[in-house]
Amino acid sequence: MFTRLLVGLDGSAGADAAIVAAIALGRRAQATIVLAAVTDIRLLEAPLFEAAGPLWTEGVPVAPVAADLREALDVRAKAFLASGAERVAAAGLTAETVRAVGVVDEELLRLAEQCDAVVIGRRGELHTQPGKIGAVTAHVIKRAETPVLVAGDRPSTFARPVVAFDGGETSTHALQIACRFAAECGLSLDIVHVGDDDREAEATLAKAREIVARQAVPSQVHRLSGDIVGAIADFVARGNLDLLVAGAHGGRRKPWPLGSHAEKLIRATVVPVLIHR
């Protein structure tokens, strides 16, 4: 199912974590890894706007400055792609490389339309505040139609997946895709639900059991209580699980805005988090 994985490269630690995760996941299905180096067009335009006034006043054209910058960024991007392709080939997988110029998150979303999932780092080249996820990552999570795998802070073998299930539409989609992944890879699946209301929790868990039964995937369901993010993060850590799968919206179709459950789950865990709409 994950036979084409898109990875954006920018030389950051986050991008490095993303390519490590993509290779590990790709090995399970002999996937093609699509490596994209996108130069943010704003890096090319900003010097022109900032320098145009004084330079033209002095009679010095700005064009050579822009041309030199574009060439330097192009050389840099090609180096990222060459290094990434070597790493993918060394892992025995096929790499495709894409060079693009534009708004980074928009270009990644466009390229993602031809892939099964986007693999992205928690933070990119432009660093955010400590503990926060990057703006590009946040935007891709919110808008991607394909699943988005946010790489973890430690390597994963993708052998012990767990699904955070709340019974909602996107949570159901997340459980279904996790079942397909587990079935194709011969894995068992843990499913967790956080809820203090007995009746509602049992109904939600029954729905999860029904979905998993249709896929014939070995599984265990677990009811947790307390704070949603804290309970799930603790379960992942205690169980030594290495992939967390969650829906992009809450059970009542409220979006998980970055700053709410989605970001907090990513921040609270060190494993890869697969977000599905």
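Residues numbered from 1 in each chain as written. Predicted model: local features only at pLDDT ≥ 70, side-chain atom pairs only at ≥ 80, totals over all residues. Heavy atoms only, no water.

What follows covers helix α6 (residues 169-185). Side chains of residues three or four places apart in an α-helix project in the same direction, reflecting 3.6 residues per turn. In a regular helix each residue adds 1.5 Å, so 17 residues correspond to 24 Å; α6 covers 25 Å between its end C-alpha atoms and thus fits that length. When α6 is considered as a whole, its buried residues turn out to be T170, S171, T172, A174, L175, I177, A178, C179, F181 and A182. Buried residues belonging to α6 abut α1 (13-26), β6 (161-164), β7 (189-194), α7 (198-215), β9 (243-247) and β10 (273-276). G186 occupies a position one or two residues after α6 and carries a positive phi of about 70°. (Helix = DSSP H or I, 4+ residues; strand = E, 2+ residues; numbered from the N terminus. Expected span 1.5 Å × (residues − 1). Buried < 20%, exposed > 50% of the residue type's maximum accessible area, 1.4 Å probe, protein only. Contact = heavy atoms within 4.5 Å.)

A few words now on the packing of aromatic side chains. Enumeration over the complete set of coordinates arrives at one aromatic pair. Ring plane angle 50° and centroid distance 6.1 Å describe the contact between F2 and F181, whose orientation is recorded as tilted. Of this pair, F2 sits in the segment before β1 (4-8) while F181 sits in helix α6, placing them 179 residues apart in sequence. Classification of F181 by relative accessible area gives buried; the value is 6%. (Phe/Tyr/Trp six-rings, centres within 6.5 Å; stacked < 30°, edge-to-face > 60°.)

Position of T146 relative to the elements: it lies in the loop between α5 (135-143) and β5 (148-150). Sequence separation between T146 and D116 is 30 residues, and the spatial gap between their C-alpha atoms is 6.3 Å. Residues contacting T146, with those up to four places away along its chain left out, are A112, C115, D116, A117 and V118.

The next subject is unusual backbone geometry. The phi torsion at Q30 lies on the positive side, around 50°, for a residue other than glycine. Examined against the element boundaries, Q30 turns out to sit in the loop between α1 and β2 (32-40). Owing to a relative accessible area of 55%, Q30 belongs among the exposed residues under this scheme. The backbone phi angle of A216 is positive, close to 55°, even though this residue is not glycine. Following the sequence through the fold, A216 ends up in the loop between α7 and β8 (219-224).

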